[in-house]
Amino acid sequence: MDERDVRLLKAIAELGTGSPEKLHEETGIPVSTIHYRLNNLKEAGVVENDLYDIDKEAFGLSVTVIVEVLADYSGPHEVVSDQLRDIEGVTQVFSTMGETDFIAIARLRDSDMVGRIIRDFEEVPEVQRTNSTYVIDTLWDDPRGLQSYSLETLLDEFTED
């Protein structure tokens, strides 16, 4: 990546859009160059979608549950993580170090769904125990991840000299 790529990604994170016209207004990079660079970033896997992110709360998934999973498995951790990922309502799964083997984040509609998802975790054969935390209020959730960085830091850390 070079400076233009980083500037584009930062602008996408801040504007919440991949519109080449709006990105041009924000960055001054020509629209044709933006099209070219966005295609390259998609091909490289840096840009995953067309940024049609869903506001989960507005959709009705207003309950967040964080589930710590302690598992007993002898094979690769992907076997268990795939089973956790396939549980309906799970939006993220992390493999971790320490006492907890995995952390899963679930977005759900109500307490009935919370009960169901906990039962679903318990049905995974490798899961020994779970510890669930019910999130009272989401204070901040950055769907794109670059907004918390300054442009200077992104340029320093992710562009080649």
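Parameters and conventions
- Residues numbered from 1 in each chain as written.
- Predicted model: local features only at pLDDT ≥ 70, side-chain atom pairs only at ≥ 80, totals over all residues.
- Heavy atoms only, no water.
- Buried < 20%, exposed > 50% of the residue type's maximum accessible area, 1.4 Å probe, protein only.
- Helix = DSSP H or I, 4+ residues; strand = E, 2+ residues; numbered from the N terminus.
- Pairing = 2+ DSSP bridges.
- 1 Å grid on protein atoms, 1.4 Å probe; cavity = no way out; pocket = protein on both sides within 12 Å on 5 of 7 lines; lining within 4 Å.
- Points joined across faces, edges and corners; volume = space filled by probe spheres on them.
- Nonpolar A, V, L, I, M, F, W, Y, C, P; charged D, E, K, R; others polar.
- Patch = residues over 30% accessible without salt bridge, like charges linked within 9 Å, V, L, I, M, F, W, Y side chains within 5 Å.
- Areas by Shrake-Rupley, 256 points an atom, 1.4 Å probe, with all protein chains shown as cover.
- Salt bridge = Lys/Arg side-chain N within 4 Å of Asp/Glu carboxyl O.
- Polar contact = N/O pair within 3.5 Å; in protein donor to acceptor, adjacent residues only side chain to side chain.
- Contact = heavy atoms within 4.5 Å.
- Axes fitted to C-alpha atoms, helices over the stretch in contact; angles between N-to-C directions.
- Core = buried A, V, L, I, M, F, W, Y, C linked by side-chain atoms within 4.5 Å.

**Remarks on the pairing of strand E3 (residues 102-108)**
Now for step 1: Within E3, six of the seven residues are buried, which leaves the element mostly enclosed by the surrounding structure.
Now for step 2: The pairing of strand E2 (residues 90-95) with E3 spans five bridges and is classified as antiparallel. Pairing of Val93 across the sheet is with Ala104, part of E3.
Now for step 3: In this structure, the hairpin formed by E2 and E3 is closed by a connection of six residues, where Gly98 is found at a positive phi of approximately 105°.

**Some words on the layout of surface pockets**
Now for step 1: What the second largest pocket holds in volume is close to 150 Å³.
Now for step 2: Around the second largest pocket sit eleven residues that line it, and Gly18, Pro20, Leu38, Lys42 and Asp50 are the ones nearest its centre.
Now for step 3: Here the lining of the second largest pocket gets four residues from one element, more than from any other, and that element is helix H3 (residues 31-43).
Now for step 4: Here the lining of the second largest pocket is built from residues that sort into five nonpolar, four polar and two charged.

**Regarding a nonpolar patch on the surface**
Now for step 1: A surface patch of nonpolar side chains, amounting to about 260 Å² of accessible area, comprises Met1, Val46 and Phe158.
Now for step 2: Note on placement: Val46 falls in the loop between H3 and helix H4 (56-59).

**What about the side chain of Thr159?**
Now for step 1: Mapped onto the fold, Thr159 is located in the segment after helix H7 (151-158).
Now for step 2: Thr159 sits in the buried class, given a relative accessible area of 17%.
Now for step 3: For Thr159, the side chain forms a polar contact with the main-chain oxygen of Leu155, separated by 2.4 Å.
Now for step 4: In this structure, Thr159 is in contact with Met1, Asp2, Glu3, Val6 and Leu154, ignoring residues within four places of it in sequence.

**Things to note about the pattern of salt bridges**
Now for step 1: Evaluation of the coordinates by the stated rule reveals eight salt bridges.
Now for step 2: Taken together, the shared-partner salt bridges connect Asp2, Asp5 and Arg37 into one network.

**Some remarks on the sheet that holds strand E1 (residues 63-71)**
Now for step 1: With antiparallel pairing, the four strands of this open sheet are ordered in space as E2-E3-E1-E4. If you trace the sheet from one side to the other, it starts and ends with E2 and strand E4 (127-135), each paired once. Across the sheet, the mean angle from the axis of one strand to that of its neighbour is 20°, orientation sign disregarded.
Now for step 2: On the sheet, helix H5 (residues 77-85) packs against E1, E2, E3 and E4 and is oriented at approximately 160° with respect to E2.
Now for step 3: Sheet strands touched by helix H6 (residues 111-122): E1, E2, E3 and E4. Its angle to E3, the strand with the most contacts, is close to 150°.

**Quick look at the environment of His77**
Now for step 1: By the element assignment, His77 lies in helix H5.
Now for step 2: If near-sequence neighbours (up to four positions away) are discounted, His77 is found in contact with Ser95 and Phe102.

**Points about the nonpolar core**
Now for step 1: By size, the foremost hydrophobic cluster in this structure holds 19 residues, and its most contacted members are Val67, Val69, Leu84, Ile87, Leu108, Ile117 and Phe121.
Now for step 2: Those elements that place two or more of their residues in this core are E1, H5, E3 and H6.

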